[in-house]
Amino acid sequence: KFFPNNEENWKNELPNEIKTKIESARIFFEDQLNNNRNDSIDNNTKNELKAEILYAHSLNRSYQNIEEKLKDLKEIISLSSDKFFIANLYNTIGFYQLRLQLLEESIENFKKAIQFRPNFPYANDNLGYSLIMQNNLDEGFEYLQSALKTEKNNLGYSYRNHGLYFHKKGELEKAKENFELAF
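Sequence order as written defines the numbering, with residues in each chain counted from 1. Totals for whole chains, interfaces and linings use all residues, but because this is a predicted model, local features are given only for residues with pLDDT of at least 70 and pairs of side-chain atoms are given and counted only at 80 or more. As a rule here, side-chain values come from all non-hydrogen atoms in the structure, and water together with hydrogens is ignored.

1. Comments concerning the packing of aromatic side chains
Under the pairing criterion, centres of Phe, Tyr and Trp rings, with the six-membered ring standing for Trp, must be within 6.5 Å; the plane angle then separates stacked pairs below 30 degrees from edge-to-face pairs above 60, leaving the rest tilted. A full pass over the atoms with the stated rule returns seven aromatic pairs. Centroid distance F141 to F166: 6.1 Å. Interplanar angle 65°. Geometry classified as edge-to-face. Residue F141 is located in helix α7 (residues 137–150), and its partner F166 is located in helix α8 (residues 155–169); the two are separated by 25 residues in the primary sequence. Residue classification places F141 among the partly exposed positions, given a relative accessible area of 22%. For a lysine, the NZ atom is tested; for an arginine, the CZ atom; a charge sits over a ring if that atom is within 6 Å of the ring centre and within 35 degrees of the ring normal. Positioned over the ring face of F120 is R117, at 4.0 Å from the centre of the ring. Geometry around Y129 places R160 over its ring, the cationic atom sitting 4.6 Å from the centre. Going along the chain from the N terminus, every DSSP run of H or I of four or more residues is numbered as a helix, and every run of E of two or more is numbered as a strand. Relative accessible area decides the class of each residue, using a 1.4 Å probe on protein chains only: under 20% of the type maximum gives buried, over 50% gives exposed, and in between gives partly exposed.

Following this line, the structure appears as structure tokens:
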């Protein structure tokens, strides 16, 4: 059962739009399952509903460690066919791996995010940062530039990442300018 406790407190913290979607999904999905009318709902729709439900649960679940969270996010990816959603999930996985200092793995997931959503500003910025941390400076800089071109990225992170790039290139004045702009 996807909704073991319909009165769970975590739902109270969600925005109304998401609460409404979850409740609609719960009613629809449980009705389909309980009335054995599974033939009227295709597997893709079932998987999308399950992915959304699992994602909503993951937002408010307390995890013992990041690896548990990563496992849940990967399961959600396996259920969804929504490219925008999948790109966000791969970016999130890459971010957690970056926090664990797993640069190779984070780079792989940021690239997957960009495959699903080429102009994804955060994935481009995160990939650029990871590559720079790996001393792939020029390739990293290209992704930072891609993030800037979207005009939807977080400028603080972009300036920080550019500052790191220029610092590693030995261009300390440019690095200082970017670090100052980041704050």
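And the narrative resumes.
2. What about the environment of A175?
The topology assignment puts A175 in helix α9 (residues 172–182). A C-alpha to C-alpha distance of 8.6 Å links A175 and R160, two positions 15 residues apart in sequence. Residues within four places of A175 in sequence aside, it is in contact with G163, F166 and H167. In what follows, a contact means two residues having at least one pair of non-hydrogen atoms within 4.5 Å.

3. Observations regarding unusual backbone geometry
A positive phi angle is found at Q101, which is not glycine, with a value near 60°. You can see Q101 is positioned in the loop between α4 (83–99) and α5 (103–116). Of note, E151 is a non-glycine position whose phi angle comes to about 55°, a positive value. Tracing the sequence through the fold places E151 in the loop between α7 and α8. Exposure remark for E151: the relative accessible area of 72% places this residue in the exposed category.

4. So, helix α3 (residues 66–79)
Expected span, for any helix, means 1.5 Å times one less than how many residues it has. With 14 residues, α3 ought to run about 20 Å at 1.5 Å a step, and its terminal C-alpha atoms sit 20 Å apart, in line with that. If you check which residues of α3 are buried, you get I66, K69, L70, L73, I76, I77 and L79. The residue sitting at the N-terminus of α3 and contributing the capping side-chain oxygen is N65; that oxygen lies 3.1 Å from the backbone nitrogen of E67. In protein, a polar contact means a hydrogen-donor-capable atom and an acceptor-capable atom, both N or O and within 3.5 Å, with residues adjacent in sequence counting only if both atoms are side-chain atoms; elsewhere, any N or O pair within 3.5 Å suffices.

5. A closer look at the nonpolar core
We call a set of buried Ala, Val, Leu, Ile, Met, Phe, Trp, Tyr and Cys residues a nonpolar core when their side-chain atoms join them within 4.5 Å. L73, I76, I77, L89, L127, I132 and Y165 are the most contacted members of the largest nonpolar core, which has 31 residues in total. Elements that contribute at least two residues to this core include exactly α3, α4, α5, α6 (121–133), α7 and α8. Ranked by residue count, the leading element in this core is α4, at eight residues. Among residues more than four places away in sequence, those in contact with Y165 are I132, L137, D138, F141 and L144.

6. Regarding the pattern of salt bridges
Note on definitions: salt bridges are taken to be side-chain nitrogens of Lys or Arg within 4 Å of carboxyl oxygens of Asp or Glu. Following the criterion strictly, the structure yields five salt bridges and no others. We note a salt bridge from E108 to K112, for which the minimum N-O separation is 3.5 Å. Placement of the pair is E108 and K112 together in helix α5, with a separation of four residues, close to one helical turn. Exposure remark for K112: the relative accessible area of 27% places this residue in the partly exposed category. A salt bridge links K174 to E171; its shortest N-O distance comes to 3.4 Å. For K174, a relative accessible area of 41% translates into the label partly exposed.

7. Things to note about the confidence of the model for the chain
The predictor rates its confidence in each residue with pLDDT, a number between 0 and 100. Across the chain, the average pLDDT comes to 86, with 86% of residues at or above 70. Taking the mean pLDDT of every element in the chain, the minimum, 70, falls on helix α1 (residues 16–34) and the maximum, 97, on α5.

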